[in-house]
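Residue-level listing of the chains:
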Amino acid sequence: MSFLTTKTISLPAIIFCASFFVAPTYAQQIAEPNYDEAKVPEYVLPDPLVAEDGTKIETPEQWRNKRRPEILNLFKENMFGQFPEADLSKVKSEETVSVPDALGGKATRKEIKIYFNAPNEQPQATVLLYVPNDRKGDVPVFIMPNFQGIQTTTDDPGVSAYKVENSTHNLGKSPEETRGLAKSRWAFDMIVSRGYAIATVFYEEIEPDASRNFTQGVHPLFTNYDANADDYPAVIGAWAWGLSRVLDSLENVDGVDTKKAIVAGHSRLGKTALWCGANDERFAAVISNDSGCGGAALSRRQFGERVDRINASFPHWFTKKFHEYGNKVDELPIDQHELIALIAPRPVYVASASEDLWADPKGEFLSALNADPVYRLLGSDGFGGVTEQPDVDTPVGATIRYHKRTGKHDVTNFDWEQYLNFADSIFKK
Ligand code: GTR
């Protein structure tokens, strides 16, 4: 496998890794990203319907009681760490803003503050929520974290702009200077016009995307870890836990039906949404937008970013144990189709973009495809008979859905149209 010829990574990256790991020998060299399909090695995926002890999983009960818990644990032990636990009696939320005539009168815009360790002010996060005004009863809600602050999702000068301590984004800019810069990703008008609420939170308010020392954001609140353990929860787990708290915070909000909540995320936040949805079964459905390596893309394909590279670049996202698999992904006891399978039988949408080879569109498709047998076992129509990756801009599937949008790593109106169609099919609108 010639693409495995290695290249020395930069000194700062080595120092970054070395500052956490006692013996960072694994991190000395990492492979180049692979963009050549011919160099994808032969691989055999772990079978989600064969248990570790060899038992064939033939009934929904066996899946539920034996194999699903086993796979969930394997993801915890090898990749994301234990799903965080904390004293939820200390998590409080309050509505701080309610504007009844947002989006030209189509929506009520709210802000909800979450205090993760009340009565302490910090850590805290602000949820931006739009609820359609034209509705009968409570409506389904998308919960999707944002990358750069709620003020970046819209030009609306009324949306609060916060300076977030230790944020790694927009360094050197005031929050006000960033207003609206990511608005193309947030089709608020389309979403409320189709009868849905949407809630977004800045992911670094939950925890900065920064270091592996796990002393920032919500991490110190977690009660179920031992800092030396292999399955110590890493930062993606913290963000995922935070999204569950966003769901809690919407529980008593007028107009929102939290039994119809879809957790969604783009890129690293797509990885987060998948892990959140796998653990928190209150989410009715999950959307992974271009989540790539460590998200929907199969690790064993070693296409695009790859496990060794992601661990070297973002050592804080996954557990210590996951770093050991960088050059031996075939030894992983799980692969990413099983992360999708953990969501079964709930609906899941996996989306790719044609120019986003870094995230391995084909590997994302194959994950969705290889989760299908679990959906079928549970009586679901799963991928609806899809066997081939579709052409660009051709959404396919049933309870599992997939599309490859033309273009780059992004969230666009095309993506949102498909997610709204998906939601309509789930909630029979
Ligand atoms: C990249 C990273 C990807 C993806 C992306 C993002 O740099 O390599 O795995 O998560 O960031 O979050 O935008």
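A.B. asks: Is there a simple way to think about the environment of Glu338 in this case?
C.D. replies: Structurally, Glu338 is set in helix α9 (residues 337–341). Separated by 29 residues in the primary sequence, Glu338 and Ser367 have C-alpha atoms spaced 7.7 Å apart. Not counting the four nearest positions on each side in its chain, Glu338 is found in contact with Pro46, Asp47, Pro48, Arg67, Ile71, Phe75 and Pro333. Within polar-contact distance, the side chain of Glu338 engages the side chain of Arg67 at 3.3 Å.

A.B. asks: What exactly am I supposed to notice about the nonpolar core here?
C.D. replies: Buried together is how nonpolar side chains tend to be arranged in soluble globular proteins. Counting 92 residues, the largest nonpolar core has Phe75, Phe116, Leu129, Val141, Ile143, Leu250 and Trp275 as its most contacted members. Sorting elements by how many residues they give to this core places helix α5 (residues 235–249) first, with nine residues. Excluding residues within four positions of it along the chain, Leu129 makes contact with Thr108, Arg109, Lys110, Ile112, Val141, Ala197, Ile198, Ala199, Leu250, Val253 and Val256.

A.B. asks: Any chance you could explain the site of the ligand here in plain terms?
C.D. replies: Surveying the vicinity of the ligand reveals the residues Phe147, Ser267, Arg268, Lys271, Glu305, Ile310, Phe314, Trp317, Trp358 and His409. Arg268 is positioned with one of its side-chain polar atoms (N or O) 2.5 Å from an oxygen atom of the ligand. Here Glu305 contributes a side-chain N or O atom positioned 2.4 Å from an oxygen atom of the ligand. For the ligand, the protein covers 81% of the area, taking 320 Å² as the surface of the free molecule. Across the shell around the ligand, the residue classes tally to five nonpolar, two polar and three charged.

A.B. asks: What is the right way to read the state of the cysteines from this model?
C.D. replies: What is meant by a disulfide is a covalent connection between two cysteines, made through their sulfur atoms. Using the criterion set out here, one finds zero disulfides in the structure. No disulfide involves Cys276; its nearest neighbouring cysteine sulfur is the one of Cys293, lying 20 Å away. The class for Cys276 is buried, based on a relative accessible area of 0%.

A.B. asks: Mind showing me how you'd approach the pairing of strand β6 (residues 139–143) here?
C.D. replies: Consecutive side chains along a regular strand alternate between the two faces of the sheet. In terms of residue burial, β6 counts as a mostly covered element, since five of its five residues are buried. With four bridges joining them, β6 and strand β8 (residues 256–266) adopt parallel strand pairing. Considered in β8, the bridge of Val141 is made with Ala261. Where β6 and strand β7 (residues 197–201) come together, three bridges link them in parallel fashion. Bridge pairing in β7 places Val141 opposite Ala197. This β-α-β element, β6 to helix α3 (residues 188–193) to β7, shows right-handed connectivity.

A.B. asks: What's the story with the pattern of salt bridges in this structure? I'm lost.
C.D. replies: Charged atoms that come close allow side chains of opposite charge to pair. Evaluation of the coordinates by the stated rule reveals 30 salt bridges. Of the charged contacts in the structure, one is a salt bridge between Arg109 and Asp156, with a shortest N-O distance of 3.1 Å. With Arg109 in strand β4 (residues 107–115) and Asp156 in the loop between β6 and α3, this residue pair connects regions lying 47 residues apart in the sequence. Three or more residues are tied together by salt bridges with common partners; here these are Glu37, Arg301, Asp360 and Lys362.

A.B. asks: Hey, could you run me through the sheet that holds β7 in this one?
C.D. replies: Sheet strands line up and pair through hydrogen bonds in the backbone, either parallel or antiparallel. Pairing within the open sheet is mixed, and its 10 strands lie in the order β3-β4-β5-β7-β6-β8-β9-β10-β12-β11. In this open sheet, the two strands that pair with only one neighbour each are β3 (92–102) and β11 (396–397). Here β3 pairs with β4 via eight bridges, running antiparallel. Bridged to Lys92 within β4 is Tyr115. Contacts from α5 reach β3, β4, β5 (124–132), β6, β7 and β8 within the one sheet, and its direction differs from that of β4 by about 125°.

Cut-off values and rules
Residues numbered from 1 in each chain as written. Predicted model: local features only at pLDDT ≥ 70, side-chain atom pairs only at ≥ 80, totals over all residues. Heavy atoms only, no water. Helix = DSSP H or I, 4+ residues; strand = E, 2+ residues; numbered from the N terminus. Contact = heavy atoms within 4.5 Å. Polar contact = N/O pair within 3.5 Å; in protein donor to acceptor, adjacent residues only side chain to side chain. Core = buried A, V, L, I, M, F, W, Y, C linked by side-chain atoms within 4.5 Å. Buried < 20%, exposed > 50% of the residue type's maximum accessible area, 1.4 Å probe, protein only. Near = heavy atom within 4 Å. Areas by Shrake-Rupley, 256 points an atom, 1.4 Å probe, with all protein chains shown as cover. Nonpolar A, V, L, I, M, F, W, Y, C, P; charged D, E, K, R; others polar. Disulfide = S-S within 2.5 Å. Pairing = 2+ DSSP bridges. Right-handed = clockwise from strand over helix to strand, strands pointing away. Salt bridge = Lys/Arg side-chain N within 4 Å of Asp/Glu carboxyl O. Axes fitted to C-alpha atoms, helices over the stretch in contact; angles between N-to-C directions.

Take it as geometry only, folks, not as evidence of what the structure does.
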